[in-house]
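Coordinate analysis (summary)
So the chains spell out like this:
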Amino acid sequence: MTERWLYAWGIGSVAFGGASLLVPLYIVELGATPVQLGILAASAAVIGAPGAIAFGRLANRVERRRALVLLTLAGVAVALAMVPLLSSIAAIIVANAVLWLVVASVAPVLTMLVVDDAPESAWSERIGRLNKYQGYGWAGGLVLGTVWPLVATPLVGTDAVTRALFWLLAACAGVSTLGAAGSLPNPAPADHVTSERRIRRVARLLSNSRRGVKGATFAFSPNRLYWTTRGIDPRRLAGRLNPALATYLAAATLFFTGFAAFWAPLPLFFTDLGFGSGEVFALYLASSVGSAVLYEGAGRFATRYDVRLLQSGALAARGLLFPVVGVVTGLGALVVGLVAAGVGLAAIGVTWAFIAVIGTAIVTRLAPPSVRGEVLGVHTALGAVAGGIGGVLGGWAASFGYLVAFGVAGGLVLLGAALVFSLRILSGGEAAAKAPADPVSAADGGVGVPAVSGEEAERRAD
């Protein structure tokens with residue numbers, strides 16, 4: 001696998017990362033209400049799930065998968081170029097949903113291209129490299145949004161800064177399309193990953209790989225959703241859920257909903273305090289970086305300390321930080337509030353590093369070996385469903401006041417933390433002994449649970 005196409009994909013990820021916050025800020029400029037902002041977030045989360053699954057299944061039926069990637073990159077370029085031409089908030093919400101349908105749909109196909117013509121021993125490295133370039137690109141989009149107002153305002157004027165950034169991001173997606181057209185892998189149909197055993201192998205690698213900067217604020221991963229839900233059999237799964245696992249999944253539903261309820265109205269909250277778009281981008285970047293730099297450290301902590309206490313503690317801290325950030329930011333002067341918000345969001349990002357990594361470890365421990373991959377798929381799917389519910393809930397609650405929304409979000413996360421804390425089975429060796437974790441390469445940011453050999457993991461999975 002050459003580096004050239006990864007550079008092209010990284011440039012496309014700049015467009016994705018920038019658009020993730022630019023569209024909400026744009027409708028805020030147009031006068032969007034908290035409810036409309038919540039609908040924007042919810043629609044993007046909900047539509048991505050079926051898009052990833054449908055496009056992934058389509059990719060299994062075509063001979064040349066690279067065409068689907070090029071089509072989606074071109075679609076992103078067109079969508080980003082069109083959004084600033086729209087003045088209706090409802091139309092922008094629809095366009096944003098289409099944009100994230102396209103972005104979510106391409107993720108599984110890209111992973112197929114990465115692993116199709118490679119031996120299984122190289123899959124972990126290839127997926128890790130893809131995540132690295134994608135993460136750098138996403139962070140680059142946030143950095144671009146941070147510095148753009150400073151650079152562009154003297155050139156295009158204050159009123160045109162946001163629209164000009166849309167077109168710059170569209171150009172990034174266009175350049176990515178051209179670069180990918182000449183460099184994307186093009187494996188032969190005979191090399192496509194189609195066997196269930198190999199699909200489960202990819203699902204395990206993705207479930208345990210580090211999330212990168214995107215995961216700091218966006219818990220839903222369409223790529224993981226597609227691969228981990230490929231083989232779900234609801235009837236077989238229902239009979240294998242033990243009380244501890246069911247309790248943790250209920251907790252995950254609560255705290256994922258709370259996460260989305262916090263992030264949905266946040267751009268409007270910051271804008272109402274007087275923060276400019278560049279400052280809001282910088283705040284989100286602080287959260288993303290705070291999360292990304294500690295993923296591997298969180299995995300090491302999980303090998304040394306009680307995962308029940310680590311997970312419930314990280315959740316409790318995050319649940320308390322949601323309203324605290326709102327209060328402290330709102331009470332301070334503009335500069336003081338900006339610094340307080342930056343520190344608070346960086347701390348929130350740190351908590352996500354622990355929650356994401358240790359959460360996968362917990363699900364892996366509690367799930368029976370015969371349905372472990374399916375349970376990981378359910379866990380991922382809950383993030384998508386809860387993202388939609390939480391987005392609407394956060395927007396609606398913010399219509400009564402931002403602190404109400406942040407309090408509701410924090411309360412849901414604290415309820416989830418209490419459920420995790422109640423799972424005393426995680427504090428002993430019983431769960432880990434009954435359900436050893438699947439192996440994961442250290443390069444992928446392992447989840448920090450006991451590893452077994454590749455041959456033994458495959459035997460258990462089969």
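Parameters at a glance
Residues numbered from 1 in each chain as written. Predicted model: local features only at pLDDT ≥ 70, side-chain atom pairs only at ≥ 80, totals over all residues. Heavy atoms only, no water. Helix = DSSP H or I, 4+ residues; strand = E, 2+ residues; numbered from the N terminus. Buried < 20%, exposed > 50% of the residue type's maximum accessible area, 1.4 Å probe, protein only. Contact = heavy atoms within 4.5 Å. Areas by Shrake-Rupley, 256 points an atom, 1.4 Å probe, with all protein chains shown as cover. Polar contact = N/O pair within 3.5 Å; in protein donor to acceptor, adjacent residues only side chain to side chain. Axes fitted to C-alpha atoms, helices over the stretch in contact; angles between N-to-C directions. Parallel < 35°, antiparallel > 145°, perpendicular 65-115°, else oblique. Left-handed = near helix turned anticlockwise from the far one by under 90°. Nonpolar A, V, L, I, M, F, W, Y, C, P; charged D, E, K, R; others polar. Core = buried A, V, L, I, M, F, W, Y, C linked by side-chain atoms within 4.5 Å.

The protein chain goes by MFS transporter in an unreviewed UniProt entry, where it is assigned to Salinigranum rubrum.

Moving on, we get to the overall build of the protein chain. On a plain count of helices and strands, the protein chain comes out with 19 helices and zero strands. Within the protein chain, the proportion of its 462 residues that are buried is 58%. Relative to all contacts within the protein chain whose residues are 6 or more apart in sequence, the contacts with residues 24 or more apart total 86%. Accessible surface for the protein chain amounts to roughly 17100 Å². Of this, 68% is attributable to carbon and sulfur atoms.

Along the polypeptide, Thr177 turns up in helix H6 (residues 161-181). Reaching out from Thr177, the side chain makes a polar contact with the backbone nitrogen of Ala74 at a distance of 3.4 Å. What Thr177 contacts, discounting residues up to four positions off in sequence, is Leu70, Leu73 and Ala74.

This part covers the packing of helix H1 (residues 4-29) against helix H3 (residues 66-82). Two elements in contact, H1 and H3, have axes whose closest approach is 11 Å; the angle formed by their N-to-C orientations is 40°. Classed by the angle they form, the pair H1 and H3 counts as oblique. The crossing of H1 and H3 is left-handed. Between H1, through Trp9, Ala15, Phe16 and Ala19, and H3, the contact on the second element is made entirely by Val69, Leu73, Val76 and Leu80. Looking at the contact of H1 with H3 residue by residue, the classes come out as eight nonpolar, no polar and no charged.

In terms of nonpolar packing, the biggest core is built from 123 residues, with Phe255 and Phe270 touching the most fellow members. It is H1 that provides the largest number of residues to this core, a total of 15 residues. Residues within four places of Phe270 in sequence aside, it is in contact with Phe275, Val280, Leu283, Tyr284, Thr329, Ala341 and Leu345.

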